[in-house]
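Results of the structural survey
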Amino acid sequence: MSFAKKTVQHLDCAGRRVLVRVDFNVPVANGEVTDDTRIVAALPTVRYLLQKHARVILCSHLGRPKGGPDAKYSLKPVRERLSRLLRQDVAWADDCVGPAAEAAVMALGDGQVLLLENLRFHAEEEQNNAAFAQALARIGECYVNDAFGTAHRAHASTEGVTHYLKPAVAGLLMKNELDYMGAALESPKRPFVAVLGGSKISGKIDVITALLPKVDRLLIGGAMMFTFLKAQGIPVGRSLVEDDRLDVARDVMAQAAALGKELVLPSDCLASTAPDGSAAASAKPVEQLLAGEMGVDIGPESLALFASKLRDAKTVVWNGPMGIFEVPAFAAGTMGVAKAMSELKAHGAVTVVGGGDSVAAVQQSGLAERFSHLSTGGGASLEFLEGKVLPGVAALEDA
Ligand code: ADP
Ligand code: MG
């Protein structure tokens, strides 16, 4: 796959109407944006275009409205926050297509910005309906996709529109995602270490099989470690195990051996009878897990082992927490891996984190700054790590 896509930097945009698909799918409570991370992430592209005197028209989805207008999912609170962040007025249109949108667009001057109402107020958006994509295309004179988080979906605003509106190029956030994740997968500096965890092996098996041939080392924590341990005949108590994936775990171990890859599994874990943290937990060798206990985190010995396996890494990709990190008493393994990984960038390593919960964990650790890249796309970053072609990326012009 080629990641060399044209970007806004290739765009002749002064005085032109630029339709920008952003990911403003942010949490809203009582009419206020409660986490503006995604809005902030889109600012570089918006500011770049405004500085170039473009007429910037932003469109996004928010939540899951049922294909019609629903005040609960209005982007109006986003307009307020965006305006504050940009220190500039943000014009508004009550609909993303049709007369309301076209009138607002025509009133827009150079260096001004307009936000269109939620794309998903039209069921045609997710259906990738051609007429709807054409209506969107009429809004702009060129198209920018900066919504990496929805690039794995072929919707009208991410894929369909590019058939009718050209040039179609990547925004700066999209470029950043493709540069970091693409380089890590295509031409990693070695040793290349992947750290995988999270709840289910079934949801990650494609990531494991895609990464295994590329990495030098694979560290496995999270609940999925217990499927691997059980596959080796080790008793795992009440740990979250997918019995129908024991063969998969065995295959992965065999493939790692055949390819000469180092597969590192934890030697100890944190054992508890209550996954919600309401009972005491103790660290013990994985073989000693009792029938009534479940493993809720990797243990201190394993954390030290993982840290030592990370120390010489020049590329690290991390997906999936090491334990139930939402419970503070079970967060040590995840926070410890975040700490160990955070020390590598200063030594010239590239450190990338993908996956919604994993990125949240890194943010919780307070060390986010010390990572090369935290992916903004949960599902999209997983599909990217699986080596899949993202339709919203494929639709953009090659450089
Ligand atoms: P991401 O969103 O980064 O891709 P996942 O969604 O795959 O990560 O996994 C995150 C979830 O995995 C968290 O909710 C966490 O509580 C859970 N988890 C991690 N380790 C365990 C474990 N040992 N037992 C049960 N759940 C676990
Ligand atoms: Mg998740």
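Residues numbered from 1 in each chain as written. Chains lettered and ligands numbered in written order. Predicted model: local features only at pLDDT ≥ 70, side-chain atom pairs only at ≥ 80, totals over all residues. Heavy atoms only, no water.

Moving on, we come to the site of ligand 1. Around ligand 1 sit 18 residues, and of these K204, G295, E326, D357 and S358 come closest. Within the side chain of K204, a nitrogen or oxygen atom sits 2.5 Å from an oxygen atom of ligand 1. S358 has a polar side-chain atom sitting 2.4 Å from an oxygen atom of ligand 1. Considering ligand 1 on its own, with 580 Å² of exposed area, one finds that the protein chains cover 85% of that surface. (Near = heavy atom within 4 Å. Polar contact = N/O pair within 3.5 Å; in protein donor to acceptor, adjacent residues only side chain to side chain. Areas by Shrake-Rupley, 256 points an atom, 1.4 Å probe, with all protein chains shown as cover.)

A few words now on the sheet that holds strand β7 (residues 142–145). Strand order in the open sheet formed by six strands is β5-β6-β4-β1-β7-β8, and the pairing between neighbours is parallel. Each having just a single partner strand, β5 (90–93) and β8 (168–170) make up the two edges of the open sheet. On average, each strand axis in the sheet is inclined to that of its neighbour by 25°, with strand direction left out of account. Of the pairings in the sheet, the one linking β7 to β8 comprises three bridges and is parallel in character. Paired with N145 across the bridge in β8 is A170. (Pairing = 2+ DSSP bridges. Helix = DSSP H or I, 4+ residues; strand = E, 2+ residues; numbered from the N terminus. Axes fitted to C-alpha atoms, helices over the stretch in contact; angles between N-to-C directions.)

Our next topic: the nonpolar core. When a protein is soluble and globular, its nonpolar side chains tend to lie buried together. Formed by 96 residues in total, the largest nonpolar core has its most connected members in L19, L116, I208, F228 and W318. With six residues, helix α8 (residues 224–231) is the single largest residue contributor to this core. Here this core spans two domains, and each of domain 1 (8–175) and domain 2 (188–385) adds at least three residues to it. Aside from chain neighbours lying at most four places away, what touches W318 is V195, T334, V337, A338, M341, V352, V353, G354 and V362. (Core = buried A, V, L, I, M, F, W, Y, C linked by side-chain atoms within 4.5 Å. Buried < 20%, exposed > 50% of the residue type's maximum accessible area, 1.4 Å probe, protein only. Domains from an automatic or database assignment. Contact = heavy atoms within 4.5 Å.)

Turning next to the environment of I139. Looking at where I139 falls in the secondary structure, it is placed in the loop between α5 (130–137) and β7. Taking relative accessible area as the criterion, I139 reaches 1% and is therefore assigned buried. Residues I139 and G323, 184 residues apart in the sequence, show an inter-C-alpha distance of 47 Å. When neighbours within four sequence positions are excluded, I139 is seen to be in contact with R17, L19, I57, C96, A101, E102, V105 and L116.

In the contact formed by helix α1 (residues 37–51) and helix α2 (residues 76–86), the axes pass within 11 Å of each other and the chain directions differ by 60°. Of the possible angle classes, the one that applies to α1 and α2 is oblique. Where α1 crosses over α2, the handedness of that crossing is right-handed. Contact with α1, carried on its side by I39, V40, L43, V46, R47 and L50, involves V78, R81, L82, L85 and L86 of α2 and no other residues of that element. Of the residues assigned to the contact of α1 with α2, the class counts are nine nonpolar, no polar and two charged. (Parallel < 35°, antiparallel > 145°, perpendicular 65-115°, else oblique. Left-handed = near helix turned anticlockwise from the far one by under 90°. Nonpolar A, V, L, I, M, F, W, Y, C, P; charged D, E, K, R; others polar.)

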